[in-house]
Amino acid sequence: MTELPKNLTVNITTSRPSDNFGVLPLSVGIPIILITFCSICVSLVVIFSLIRSKTGNFFTWKVIDRFSLYTVLLDLFLYTTQTSYGIHQRFGKSTRINDLACSIYGILILEFAVAQVILCSAMAVYAFSLVVRNQNLNLGKWDSFIILPAIGATLTEFTVAAYFDKFSPNPVYCSLKEERGFLTFHFIQICLGILISFVIIIVLYLIMWCFIKRQTKMMNRSFGQQSAVNSRRLALKLSLFVLVHVIQFGGNAVEGLWISIEEPPMNVRYATIFIGATGGMMNGLVFLTARK
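Under an unreviewed UniProt entry, the protein has the name G-protein coupled receptors family 1 profile domain-containing protein and belongs to Mytilus edulis.

Structure below.
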């Protein structure tokens, strides 16, 4: 039997026609809907809290606050889309998910998730530049240097993919058609993209914490114990942010790698959805903790 070259990208059969799309088991579908709905509620609380605590024009807010609102809004849109998709799939017996609906759900889910990964990485770079290099990066008018790549570029990519009929249901949700190989979307943009964001965030925040810890030691004569306490609090906040980011998107990185090699077990797919669905609640907890 002739073997295929190892680096060849091949189509697989886990993507299926939308009219043959299986509904998630009740024991999986209902909890996911409830979890994503809770994430929506927490995201709304964070948004209202942010808005109420600020005054003036939005673009006069601190950059970190604007970044926070951007990421929470992406959380809100992501989990609203996932909740709508879950309800449609679970209860929409008279209106099955067709090709158009699958493409729309797929575009929105990938758009809000990938944009959030990009924004979180950009926020780490900005914070590093501000803390360590004492420089404010130019974000452009209306933060366009961040918004356009994170939201505009990804939306364009996924819309073009939908135009060429690249979206289809996989065993649990709508996404780009799954392919084997290491030159595929799931490996390059999902697996590698998320892993690169992990490295950027972890390394930069670790450098920032070490830098600030060294500065606090030099200032202990003036500020005493309070300075050391602030350093520990900062370490806690940074570690919480990193932990939530890894938990929220780590499952997607594992699933993306698995898809590139072979068909993932259904338990892996279910676990990825469950873990990702809790992201809104975890981000809300980190936000409320950081404000104390």
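Anyway, onward from the coordinates.
(A) Representation of the overall build of the protein in the model. Looking only at helices and strands, the protein has 8 helices and 4 strands in total. Shown N-terminal to C-terminal, the secondary structure of the protein runs as helices and strands in the order β-α-α-α-α-β-β-β-α-α-α-α. Across the 292 residues that make up the protein, the buried fraction comes to 46%. Sequence-distant contacts, at least 24 apart, represent 79% of the contacts inside the protein between residues at least 6 apart. With the model as given, the accessible surface of the protein reaches about 15700 Å², and the carbon-plus-sulfur share is 68%.

(B) How the structure looks around helix H1 (residues 26–53). Between its first and last C-alpha atoms H1 spans 41 Å; for 28 residues at 1.5 Å apiece the expected length is 40 Å, and the two agree. Restricting attention to buried positions, one finds in H1 the residues Val28, Gly29, Ile32, Ile33, Ile35, Thr36, Ser39, Ile40, Ser43, Val46, Ile47 and Leu50.

(C) Just the UniProt feature "transmembrane region" (unreviewed entry) in the protein, in detail. Under the local residue numbering, the UniProt record ascribes the feature "transmembrane region" (unreviewed entry) to residues 28–51, 63–85, 105–132, 144–164, 184–212, 233–250 and 270–290. Each end of residues 105–132 is marked by a C-alpha atom, and these two atoms are 41 Å apart; helix forms 96% of the span and strand 0%. Annotated as residues 144–164, this span is 95% helix and 0% strand, and its ends, taken at the C-alpha atoms, are 28 Å apart.

(D) Structural detail: the environment of proline 171. Within the secondary structure layout, proline 171 lies in the loop between strand E2 (167–169) and strand E3 (174–176). It is 8.4 Å that separates the C-alpha atoms of proline 171 and arginine 269, two residues lying 98 residues apart in sequence.

(E) Expanded view of helix H7 (residues 266–277). Taking 1.5 Å as the rise per residue, H7 with 12 residues should run 16 Å; its terminal C-alpha atoms sit 17 Å apart, in good agreement. Every buried residue belonging to H7 is among Val268, Arg269, Tyr270, Thr272, Ile273, Gly276 and Ala277, and all of these are buried.

(F) Structural detail: the packing of H1 against helix H2 (residues 63–91). Across the interface, H1 lies against H2 with an axial gap of 8 Å and an inter-helix angle of 150°. Taken together, the axes of H1 and H2 lie roughly antiparallel to each other. Judged by the sense of rotation from one axis to the other, the crossing of H1 with H2 is left-handed. Each residue belonging to the contact of H1 with H2 can be placed in one class, and the counts come to 16 nonpolar, 8 polar and 3 charged.

(G) Spatial organisation of the packing of H2 against helix H3 (residues 99–131). Put simply, H2 and H3 touch, their axes get as near as 9 Å, and they point 160° apart. When the axes of H2 and H3 are compared, the pair comes out roughly antiparallel. For the pair H2 and H3, the crossing hand works out as left-handed. For the contact of H2 with H3, the residue count by class is 20 nonpolar, 6 polar and 1 charged.

(H) Local environment of the environment of alanine 122. Mapped onto the elements, alanine 122 comes out in helix H3. Not counting residues within four places of it along the chain, the set of residues in contact with alanine 122 comprises Phe67 and Ile146.

(I) Focus on the nonpolar core. Counting residues in each nonpolar core, the largest one holds 52 residues, and the members touching the most others are Phe67, Phe158, Phe167 and Tyr205. Secondary structure elements with two or more residues in this core: H1, H2, H3, helix H4 (144–163), helix H5 (185–223) and helix H6 (225–261). Here phenylalanine 158 is in contact with Ile107, Leu110, Glu111, Val114, Phe167, Leu176 and Phe185, once residues within four sequence places are set aside. Ranked by size, the runner-up nonpolar core spans 13 residues in total, among them Leu24, Ile32, Ile97 and Ile273.

(J) Just the packing of aromatic side chains, in detail. Applying the stated criterion across every chain yields a total of 9 aromatic pairs. With a centroid separation of 5.7 Å and an interplanar angle of 70°, the aromatic rings of phenylalanine 58 and tyrosine 70 are classed as edge-to-face. Of this pair, phenylalanine 58 sits in the loop between H1 and H2 while tyrosine 70 sits in helix H2, and the two are 12 residues apart along the sequence. With a centroid separation of 5.4 Å and an interplanar angle of 45°, the aromatic rings of phenylalanine 77 and phenylalanine 112 are classed as tilted. Linking phenylalanine 77 in helix H2 with phenylalanine 112 in helix H3, this pair joins segments that are 35 residues apart in sequence. Note on phenylalanine 77: relative accessible area 37%, which makes it partly exposed.

(K) Just a nonpolar patch on the surface, in detail. Taken together, the side chains of Leu183, Ile188, Leu192, Leu195 and Ile196 define a hydrophobic patch exposed on the protein surface, amounting to about 450 Å² of accessible area. Structurally, isoleucine 188 is set in helix H5.

Conventions and cut-offs
Sequence order as written defines the numbering, with residues in each chain counted from 1. Given that this is a predicted model, residues contribute local features only at a pLDDT of at least 70 and side-chain atom pairs are listed and counted only at 80 or more, while totals for whole chains, interfaces and linings are drawn from all residues. Calculation of side-chain values draws on the structure's entire complement of heavy atoms; hydrogens and water are dropped beforehand. Only DSSP runs of H or I covering at least 4 residues are called helices, and only runs of E covering at least 2 are called strands; the numbering of each starts at the N terminus. Type-normalised accessible area, obtained with a 1.4 Å probe on protein chains alone, sets the label of each residue: buried when under 20%, exposed when over 50%, and partly exposed for intermediate values. Note on contacts: a residue pair is in contact if any heavy atoms of the two residues lie within 4.5 Å. Only the protein chains shown count as covering a residue, and every accessible area follows the Shrake-Rupley method with a 1.4 Å probe. Given the number of residues in a helix, its expected span is that number minus one, multiplied by 1.5 Å. UniProt positions are given in the numbering used here, feature names are shortened, and annotations may be inferred rather than shown by experiment. The axes are straight lines fitted to the C-alpha atoms, using for helices just the contacting stretch, and the angles between their N-to-C directions are given from 0 to 180°. Roughly parallel means an angle under 35 degrees; roughly antiparallel means over 145; roughly perpendicular covers 65 to 115; every other angle is labelled oblique. Whether a crossing is left-handed or right-handed is set by the direction in which the near helix is turned from the far one by less than a right angle, anticlockwise for left-handed and clockwise for right-handed. Classification used: nonpolar for Ala, Val, Leu, Ile, Met, Phe, Trp, Tyr, Cys and Pro, charged for Asp, Glu, Lys and Arg, polar for all others including Gly. The term nonpolar core refers to a set of buried residues drawn from Ala, Val, Leu, Ile, Met, Phe, Trp, Tyr and Cys, joined through side-chain atoms within 4.5 Å. Aromatic pairing here means that ring centres of Phe, Tyr or Trp (its six-membered ring) are within 6.5 Å. Orientation follows from the plane angle: under 30 degrees is stacked, over 60 is edge-to-face, and everything else is tilted. Every patch collects residues that have over 30% relative accessible area and no salt bridge, joining them within 9 Å if they carry like charges and within 5 Å if they are nonpolar side chains (Val, Leu, Ile, Met, Phe, Trp, Tyr). By convention in these notes, a salt bridge is any Lys or Arg side-chain nitrogen within 4 Å of a carboxyl oxygen on Asp or Glu.

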